[in-house]
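# Analysis of the macromolecular model
Each chain, letter by letter, is given below.
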Amino acid sequence: MLDLAIIGGGPAGLTAGLYATRGGLKDVVMFEFGMPGGQITQSSEIENYPGVFREEPPLTGMELMEPWPKQCMHFGLKHEMAQVKKVTKSNNIFKIITDSQEFEAKSVIVCTGSTPKRAGFKGEDEFFGKGVSTCATCDGFFYKDKEVAVLGGGDTALEEALYLANICSKVYLIHRRDKFRAAPPTIERVMKNDKIELVLNAHIQEVYGSTMGVEGVKVLKDGKELDLKVPGIFVFVGNNVNNDVLKQDDGNFLCDVNDNGEVIVNLNMHTSLNGLYAAGDIRINAAKQVVCAAGDGAVAGMEALNYVQEHFND
Ligand code: FAD
Ligand code: NAP
């Protein structure tokens, strides 16, 4: 039986594995169906992970993550290249069910992340990472003193529009209705911000550009086409939380999740179920940053270690 099963091999899962194995757990397996590294490996530049800054050319997400698996494996973490279908628990033992095998584990950390939804306009996929972004904290600085557009009308879109307004010269906030679903105080702050221009009842038709990246966005508003010449467009139309592994046969989740499907944890990454932890973008109130996911993973790894040592004293 495994001491610990880690589901997901991004920054949270890898760091959880490092802390658990280096802390003394022997049989720790990280289940990751792709190469370890997580979604940051899709990013062409990362400049906010402390301690590893490179100005020219900027550090890529792939370069940032490249040494992580080797460091973790050195302390004993094992990688099982498999997609986990389901995690269950009975008689104090977890079962990890993959495509082809079943494993038993004393404790589990879920680090499967979440995936920003795409809005579906023309050019969105083509220019993703080349002007189309789903992360203002990650990419906002690249548009310092430039004009950008934000799509969406929820809390994330409005909060990120405010964040971008601190950096950029102007923010066009494009929303498909004339009512926002964000919290009223956030709407009020957006309304009062001189740098944010609302583009309401509007639909993005196309993002266009060249091999160098986005040059503008065409928007249909009140039957008229607007051509906003912006080099960056930030899409915030909701998230898909990767929580399928926690769904049980009766339709319930293995532990408590909020209305958005994010796993509810306390400050020690404990879920509502003993021995089950969640770390990184899958959890409530996640900052959705590599450094934060790694921090969560460290906490969860140490907590799992304590749990196994306390409850399985063999
Ligand atoms: P993830 O990195 O999403 O890792 C989850 C892993 O779980 C994935 O590797 C996935 O394959 C695996 N997985 C999922 N389901 C299963 C399953 N059922 N079985 C097995 N494996 C599974 N953050 C920053 O700090 N700075 C930046 O500049 C930055 N830029 C970004 C740019 C882009 C384009 C993107 C997409 C993200 C960016 N981020 C950035 C955000 C950052 O990547 C995430 O916050 C971070 O990766 C979250 O780590 P995680 O370990 O929680 O999840
Ligand atoms: P969200 O609340 O689901 O809002 C998504 C927004 O995108 C909506 O305004 C929606 O328009 C729009 N949209 C969806 N699909 C679209 C498409 N294809 N094209 C154009 N627009 C599209 O998502 P979120 O803002 O990420 O928030 C998710 C959850 O986290 C919410 O419960 C939110 O309250 C919470 N959250 C809370 C805070 C906070 O409390 N500070 C911060 C961030 C998020 P419609 O309005 O027309 O549907």
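Right, let's walk through the structure included here. (Residues numbered from 1 in each chain as written. Chains lettered and ligands numbered in written order. Predicted model: local features only at pLDDT ≥ 70, side-chain atom pairs only at ≥ 80, totals over all residues. Heavy atoms only, no water.)

### Looking at the sheet that holds strand E13 (residues 213-221)
Filter applied, for reference: Only strands joined by at least two bridges in the DSSP assignment are considered to pair. Numbering of helices and strands runs from the N terminus; a helix is a DSSP stretch of H or I covering at least four residues, while a strand is a stretch of E covering at least two. Angular values range over 0 to 180 degrees, each being the angle between N-to-C directions of two axes fitted as lines to C-alpha atoms, with helices fitted over their stretch in contact.
Strands sit in the order E12-E13-E14 across an open sheet of three strands; the sheet is antiparallel. Two strands in the sheet have a free side with no partner beyond their single neighbour: strand E12 (202-210) and strand E14 (224-228). Here the strands of the sheet are splayed against their neighbours by 25° on average, with no regard to which way each runs. Pairing between E13 and E14: five bridges, direction antiparallel. Opposite Lys 218, over in E14, you have Asp 227 as the bridge partner.

### What about a positive patch on the surface?
Heads up, the condition is: Like charges within 9 Å and nonpolar side chains (Val, Leu, Ile, Met, Phe, Trp, Tyr) within 5 Å are joined into patches, using only residues over 30% in relative accessible area that form no salt bridge. Under the convention used here, a 1.4 Å probe and the Shrake-Rupley method define accessible areas, while residue burial counts only the protein chains that appear. Salt bridges are defined by distance alone: a side-chain nitrogen of Lys or Arg within 4 Å of a carboxyl oxygen of Asp or Glu. Asp and Glu count as negative and Lys and Arg as positive, but His and the ends of the chain are not part of the count. One atom stands in for each charge, and that atom is NZ of Lys, CZ of Arg, CG of Asp or CD of Glu.
Together, Arg 176, Arg 177, Lys 179 and Arg 181 line one region of the surface with positive charge. Assignment of secondary structure puts Lys 179 in the loop between strand E10 (170-174) and helix H6 (184-192).

### Considerations on the sheet that holds strand E15 (residues 232-235)
Each strand in a sheet pairs with another by means of backbone hydrogen bonds, the pair being arranged parallel or else antiparallel. Just so we agree on the cut-off: By definition, residues are in contact when any of their heavy atoms lie within 4.5 Å.
Strand order in the open sheet formed by five strands is E8-E15-E9-E10-E11, with parallel pairing between adjacent strands. Both outer strands of the open sheet, strand E8 (132-133) and strand E11 (196-199), are each paired with one neighbouring strand and no more. Packing of helix H5 (residues 155-165) onto the sheet brings it into contact with strand E9 (147-151), E10, E11 and E15, and relative to E10 it is tilted by some 165°.

### Quick word on the nonpolar core
For clarity, the threshold we go by: What we call a nonpolar core is a set of buried Ala, Val, Leu, Ile, Met, Phe, Trp, Tyr and Cys residues that are connected through their side-chain atoms within 4.5 Å. Remark: exposure states derive from per-residue accessible area (1.4 Å probe, protein chains only) relative to the maximum for the residue type, with buried under 20%, exposed over 50%, and partly exposed in between.
Of all hydrophobic cores here, the largest spans 57 residues; its most connected members are Ile 6, Ile 7, Phe 31, Val 87, Ile 96, Val 108 and Ile 109. Per-element accounting of this core gives the leading share, eight residues, to helix H7 (residues 290-311). Setting aside anything within four residues of it in sequence, one finds Ile 109 in contact with Leu 4, Ala 5, Ile 6, Ile 7, Ala 16, Tyr 277, Ala 279, Ala 300, Gly 301 and Ala 304. Ranked by size, the runner-up nonpolar core spans 22 residues in total, among them Tyr 143, Val 150, Val 171 and Val 190.

As far as function goes, none of this settles anything; it's purely spatial.
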